[in-house]
Amino acid sequence: MNAPAVYLVKFWVKPGGEKTVFEWLDGGHLQDVVAQPGFLWARRYKLVEPDKDGWPAYAMIYAVQSLDALYAYFKSPATKRYVEERIALGLDALLRMDRNWGTLDAAAD
């Protein structure tokens, strides 16, 4: 599945915080993000190497129709709601995140 743009969220979960973080992600957050205009699909990966403090690493890869759609998402009420949800659930103390995005540069089929 090739997409003109990708949104990559790499994140680390504080040991002991996995249940809370994944209940939020799998309890509706991921489905809600993919339901936003322009989003095509999402996949979560467990990465092999933890961070320097031993927090396990994961990556979410979202396929998006275009950078315009992604930029519209960044400005949408949904992103503000997600911040509020994270704060209310205490997730910011359990997560470290790094976000990147770009366009498809090459593909091998």
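Residues numbered from 1 in each chain as written. Predicted model: local features only at pLDDT ≥ 70, side-chain atom pairs only at ≥ 80, totals over all residues. Heavy atoms only, no water.

Moving on, we come to the overall build of the protein chain. Looking only at helices and strands, the protein chain features three helices and four strands. When the helices and strands of the protein chain are placed in sequence order, the string is β-α-β-β-α-α-β. What you see for the protein chain is a C-alpha radius of gyration of 14 Å, in line with the 13 Å of a compact globule of 109 residues. Expressed as a percentage of its 109 residues, the buried residues of the protein chain come to 38%. Across the protein chain, the fraction of contacts at a sequence separation of at least 24, relative to all contacts at a separation of at least 6, is 75%. Within the protein chain, the 14 negative side-chain charges are centred at a point lying 3 Å from the centre of the 13 positive side-chain charges. (Helix = DSSP H or I, 4+ residues; strand = E, 2+ residues; numbered from the N terminus. Rg over C-alpha atoms; globule rule 2.2 N^0.38 Å. Buried < 20%, exposed > 50% of the residue type's maximum accessible area, 1.4 Å probe, protein only. Contact = heavy atoms within 4.5 Å. Lys, Arg positive; Asp, Glu negative; His and termini not counted. Charge placed at Lys NZ, Arg CZ, Asp CG, Glu CD.)

Attention now goes to helix H1 (residues 18-34). The largest bend in H1 amounts to roughly 50° and is located at Asp26. All buried positions along H1 are accounted for by Val21, Phe22, Trp24, Leu25, His29, Leu30 and Val33. Elements in contact with the buried residues of H1: strand E1 (5-13), strand E2 (39-46), strand E3 (57-64), helix H2 (67-74), helix H3 (77-89) and strand E4 (95-103). (Bend = angle between axes of the 7 residues up to and from the residue.)

Attention shifts here to the environment of Ala72. Tracing the backbone through its elements, the reader meets Ala72 in helix H2. It is 9.8 Å that separates the C-alpha atoms of Ala72 and Gln36, two residues lying 36 residues apart in sequence.

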